[in-house]
Amino acid sequence: QVSQLANKFRGTLIGALLGDCLGAPFEGDFVVTKSVLTNYVTKLQVETGSVLQMYSYTDDTAMTKSVAESLLECKGFDAKDMAKRFTFEYEQQPKRGYGANVVDVFSALKLTDFEDPFAPAKAQFKGLGSYGNGSAMRISPVALFGYNMPFDQLCDLTKNCSLLTHTNRGGYNGAILQCLAIHQALHTNITDINEAAKFNSKEFLNSLIDSMTKVEKDETSQPFTDKLLSMKKVIEEEKELGALDIAYLFGHGVAAINSVPTAIYIFLRAQKPLQEYETDNVFVRTLYLSISVGGDTDTIASMACSLTGALYGATEIPEILIKRCEVNEEIMKLADNLYAAVMGK
Ligand code: F2R
Ligand code: MG
Ligand code: MG
Ligand code: MG
């Protein structure tokens, strides 16, 4: 028996792992039909035969592990250490479905012996930097480590962790949005799933809009705030968007701007029952809806499920789904270690 906050820490990282592992088989599929997905999600929840089918993690989890381990080991952000862990992890297992260009950063880091760990990322895309969601997808440990941090410090830490691979503001601001959303879910006082009715999606979103407005205030445009504002309209009008509408309105691609707001919308939408798939479990609804939008399914599911996990805790996640994911015990341990670090234990 762990405290509800420790349970929320576990839910955050286990949610991220689960979305990655169980969303990955559909990554790149433009649409996922209702019958295929219903069959898939239903079977995942049933134990048949003596051997449970396991699902592998991808780059999303590989990098999340490195972020968590580095923060724990260094007791804070150490650019060289984190860059080394990303690179080492990639070298050990390069076939984890990494982004097409981020792998050049790892090669350049190695070639320059990590002399300036920020330099290779700056050179990406002719100096524009990556706007991919590769930083947002790995940011959950930062929200945990920064549980007690003031707003500016949490944003700075997130940005620093991002700049090792993503120097385009689309990339690092996407990570900041995802981190702030997890942080807010962790701080939302819900003791268990029976209190789900207490959760107010509109308030949650309004508070996120306030935060993102601060983050983007000095910039020439405010793309993340704008997407959150259009989400607010959808939520206020109580529209219940289907998969195609979600993909059309918020995107389902590898750019952070086309996947972080999508994950946040899915997290909010999954609070209510789905027409497409009947289940009482909010976590299963989050997973189902994430995959249904197609495109970058592992990453969208990972980010959305991490939010659901941060709100309700790991005990809301069906155990059989956790058992199906590679490295689930290791991830649980990392969540516990982050909790202990934050609590000063
Ligand atoms: N890479 C994938 N999935 C495709 C193949 C996986 C398949 N299962 C397999 O194994 O073959 N997934 C992973 O990549 C995403 C995270 O990517 P990240 O870390 O942001 O990488 P990168 O390379 O920096 O950016 C991704 C692509 O975005 C475009 N892009 C980014 N910035 C750009 C810019 N400034 N100008 C133009 N294009 C830019 C490029 O196409 C990049 O290759 C996650 O989905 C993860 O799961
Ligand atoms: Mg991936
Ligand atoms: Mg619970
Ligand atoms: Mg992906």
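Residues numbered from 1 in each chain as written. Chains lettered and ligands numbered in written order. Predicted model: local features only at pLDDT ≥ 70, side-chain atom pairs only at ≥ 80, totals over all residues. Heavy atoms only, no water.

Enquirer: I tried to follow the overall build of the protein chain on my own but got confused; where do I start?
Expert: A tally of regular secondary structure across the protein chain gives 17 helices and zero strands. Since a compact globule built from 345 residues should have a radius of gyration of about 20 Å, the 18 Å found for the protein chain is in line with a globular shape. A principal-axis box enclosing the C-alpha atoms of the protein chain has dimensions of 55 × 50 × 45 Å. The 345 residues of the protein chain split such that 58% are buried. Just so you have it, the protein chain exposes about 14500 Å², and 52% of that area is on carbon and sulfur atoms. (Helix = DSSP H or I, 4+ residues; strand = E, 2+ residues; numbered from the N terminus. Rg over C-alpha atoms; globule rule 2.2 N^0.38 Å. Buried < 20%, exposed > 50% of the residue type's maximum accessible area, 1.4 Å probe, protein only. Areas by Shrake-Rupley, 256 points an atom, 1.4 Å probe, with all protein chains shown as cover.)

Enquirer: Quick question: what am I supposed to make of helix H3 (residues 59-74) here?
Expert: Because an α-helix packs 3.6 residues into every turn, residues spaced three or four apart end up facing the same way. The terminal C-alpha atoms of H3 lie 22 Å apart, and with 16 residues this matches the ideal 22 Å at 1.5 Å per residue to within 8%. Burial analysis of H3 places 12 of its 16 residues in the buried class, which makes it a mostly covered element. Every buried residue of H3 is listed here: Asp59, Asp60, Thr61, Ala62, Met63, Thr64, Lys65, Ser66, Val67, Ala68, Ser70 and Leu71. Following H3 by one or two positions, Lys75 has its phi on the positive side, about 55°. (Expected span 1.5 Å × (residues − 1).)

Enquirer: How do you make sense of the coordination of the magnesium ion (ligand 4) when you look at a structure like this?
Expert: At the metal site, the magnesium ion (ligand 4) is ligated by Glu27 (OE), Asp296 (OD), Asp298 (OD) and Thr299 (OG1), and these contacts range over 2.0 to 2.3 Å. Bound by six donor atoms, the magnesium ion (ligand 4) shows angles of 77 to 176° at the metal and therefore octahedral coordination geometry. For the magnesium ion (ligand 4), the donor residues sit on a single chain with the sequence spacing E-x268-D-x1-D-T. A separation of 3.6 Å is found between the magnesium ion (ligand 4) and the magnesium ion (ligand 2), both of which receive a donor from Asp298. (Donors = N, O, S within 2.8 Å, 3.2 Å for Na, K, Ca; no water. Tetrahedral: all angles 85-135°; square planar, octahedral: opposite > 155°, others 65-115°.)

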